[in-house]
Amino acid sequence: MPRTPSRRTALHGLAAAGAAVIGFDPFTRSWAATASDRPLTGLPPLDGTLHTDAAALDAAADDFGHIVHRRPAAVLRPGSVNDIAAMIRFCAAHGLRVAPRGQGHATQGQAQVDGGLIIETAPLAAIGPVDSRNATVTVGAGAKWSDVAKATLAHGLTPPTLTDYLELSVGGTLSVGGLGGQTHRHGAQVDNVTELHVVTGAGEFVRCSPTRHRDLFRAVLAGLGQCAVIVGATLRLVPAPETVRHYLLPYDDLRTFLDDQRRLVREGRFAYVEGQVTADTDGAFRGYLLEAVAYGPPVGPTPDDSTLLRGLRHDPSGVQTSDLAYYDFLDRLAPGVAALKEAGLWAYAHPWLNLLLPGCSAVSVAGSLLDDLTSADVGPGVVLLYPLLRERLHTPLLRTPDDPVPYLLAVLRTTPPDDTATIDRLLAANRTAYDTVHAAGGTHYPVGSVPFGPSDWRDHFGSSWRQLATARHTYDPHGILVPGQGIF
């Protein structure tokens, strides 16, 4: 991968209030901006900047969850991939923990590190030329999916699967999985990567793929950052529609709602299938809204309502239909996000719950969890419930139930960040919900806030645990990468 951004005049790092970081004090285990009576360990030459000012450290000690706050010792804003490799080698030599940070959308401090180094990946935002012949594009880990989609659409192509919120980094979602309404057709985002560019925990730059360093490739995708820092990726693309038809279909019965969703993904009738659960006037979560999208030309035929909706058992009086330009559909959350930010709700705590339920017991398990849910538990957040197809999911570390049609249940809770009693109650409720789902054969989709320890993670990864543990020992021999996940 090209060194991105392009190399600038070598710096030795910058720090607080414009003062230069001149070295690392191994006695105090801190970065030094002034001379000391003790010998300092010099920093490697950097193309970018190293920050120890309060503003940089405070920002790195927070995330979208606004629940966990671990303050690093320094923040690297790299000017090149070489900066990342050099600083990881430096940190490994001095026993300093390291975590990459993309858009800071974690919910429970997963990308934070107490007293260590945060590597901001946002500067690695280059989007390479689109290879129309092979239908791929190589991008930096810090590129946002919104920008990737815009760049590829100029060539009539699109990433096959996109998360509903587009302002996430490529490196961030590839570290977790990347699920969306197209997953039933194209798999997760991690299933659509042909090559990764990474820097291992030993500070080595490696290109890996299904045929080259395959063990590393499989350990990094959905590997929660435990073996290497993603710095770039080559993504598979598919033809994009110019317009789509978007349907919202209301239901009043959970079983019927789930059965119709299952039918749609098995038939492949729609390119995109999701669903929401809404509260009624009494605050009970008994309303169901199936969201389905048909892609128009040149990908598919002009959508025909009678054909697409045939046999479905929704309430026809409440159907909402709209025709949208493809990118407008992808970015449909943008106005709502802007409103949340303006109202101050984006800065609320987000103790999210994200679980994958076995399809065979989805009605009973989801029904039980939804019966226990109150409007106060969700706040201004939303509840999502929609199916995947397991046959489309090929990444070993993206753990899913052993069921042909698992369902994602996402309770996107939102609550004031200073109400710690409510946050603690919701975190405990998340754990209880996970235990219920796990007992039924379900799994944790690890973007949320479920209290987990090492034994939980070993159980979570199951038959893939040895693969991950071996790769960790091989590629991060000092065990410095992403301690916030609490896996090792």
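Residues numbered from 1 in each chain as written. Predicted model: local features only at pLDDT ≥ 70, side-chain atom pairs only at ≥ 80, totals over all residues. Heavy atoms only, no water.

We now examine the confidence of the model for the protein chain. Model confidence for the protein chain is summarised by a mean pLDDT of 94, while 94% of its residues fall at 70 or above. Counting contacts from residues 1-18, a segment whose pLDDT is below 50, to residues more than four positions away or on other chains yields 57 contacts. (pLDDT = per-residue confidence, 0-100. Contact = heavy atoms within 4.5 Å.)

Scanning the model with the defined rule gives 18 salt bridges in all. Residues Arg71 and Asp58 are paired through a salt bridge, measuring 3.0 Å at the closest nitrogen-oxygen approach. Taken together, the residues Arg71 in the loop between helix H1 (54-60) and strand S4 (74-77) and Asp58 in helix H1 connect sequence positions 13 residues apart. For Asp58, a relative accessible area of 44% puts it in the partly exposed group. (Salt bridge = Lys/Arg side-chain N within 4 Å of Asp/Glu carboxyl O. Helix = DSSP H or I, 4+ residues; strand = E, 2+ residues; numbered from the N terminus. Buried < 20%, exposed > 50% of the residue type's maximum accessible area, 1.4 Å probe, protein only.)

This paragraph deals with the sheet that holds strand S5 (residues 98-101). Taken in spatial order, the four strands make up an open sheet running S3-S4-S6-S5, and their pairing is mixed. The strands lining the two open edges of the sheet, one partner per strand, are strand S3 (49-51) and S5. Strand-to-strand twist in this sheet, taken as the mean axis angle between neighbours without regard to direction, amounts to 25°. Alignment of S4 against strand S6 (residues 117-120), held across three bridges, turns out to be parallel. Residue pairing for S6: Leu76 is matched across the bridge by Ile119. On top of the sheet, helix H2 (residues 81-93) reaches S3, S4, S5 and S6; it is set at about 170° to S6, its chief contact. (Pairing = 2+ DSSP bridges. Axes fitted to C-alpha atoms, helices over the stretch in contact; angles between N-to-C directions.)

What follows is about the packing of helix H7 (residues 254-267) against helix H11 (residues 362-371). Any two packed helices are characterised by the angle at which their axes cross and by the distance between the axes. Their axes nearest at 10 Å, the elements H7 and H11 cross at an angle of 130°. Between H7 and H11, the crossing angle belongs to the class labelled oblique. Crossing angle aside, the handedness with which H7 passes H11 is right-handed. Counted together, Leu254, Arg255 and Leu258 of H7 and Ala362, Val363, Ala366 and Gly367 of H11 form the full contact between these two elements. Its residues assigned to classes, the contact of H7 with H11 shows five nonpolar, one polar and one charged. (Parallel < 35°, antiparallel > 145°, perpendicular 65-115°, else oblique. Left-handed = near helix turned anticlockwise from the far one by under 90°. Nonpolar A, V, L, I, M, F, W, Y, C, P; charged D, E, K, R; others polar.)

Now for unusual backbone geometry. Put simply, Pro297 and Pro298 share a cis peptide bond, and its omega is 0°. Assignment of secondary structure puts Pro298 in the loop between strand S15 (285-295) and helix H8 (305-309). At His66, a position not held by glycine, the phi torsion is positive, near 55°. Within the fold, His66 resides in the loop between H1 and S4. The class of His66 is buried, set by a relative accessible area of 16%. Within the chain, Ala222 stands out as a residue other than glycine whose phi angle is a positive 60°. You can see Ala222 is positioned in the loop between helix H6 (214-220) and strand S11 (228-236).

Summed over all chains, the structure comprises 14 aromatic pairs. Judged by centre distance (5.8 Å) and plane angle (90°), the rings of Phe24 and Phe90 are edge-to-face. Residue Phe24 is located in strand S1 (residues 23-25), and its partner Phe90 is located in helix H2; the two are separated by 66 residues in the primary sequence. Just as Phe24 is buried, Phe90 falls in that class too. (Phe/Tyr/Trp six-rings, centres within 6.5 Å; stacked < 30°, edge-to-face > 60°.)

This next bit is on the sheet that holds strand S20 (residues 443-444). Within a sheet, neighbouring strands are paired by backbone hydrogen bonds and run either parallel or antiparallel to one another. Sheet architecture is open: eight strands sit in the order S16-S13-S15-S14-S18-S19-S17-S20, paired in antiparallel fashion. The open sheet has two edge strands, strand S16 (320-325) and S20, and neither has a second partner. Pairing geometry for strand S13 (residues 243-251) and S15, over eight bridges, is antiparallel. Looking across to S15, one finds that His246 is bridged to Val293. Contacting strand S14 (272-279), S15, strand S17 (353-357), strand S18 (382-387) and strand S19 (407-412), H11 runs over the sheet at an angle of about 160° to S17.

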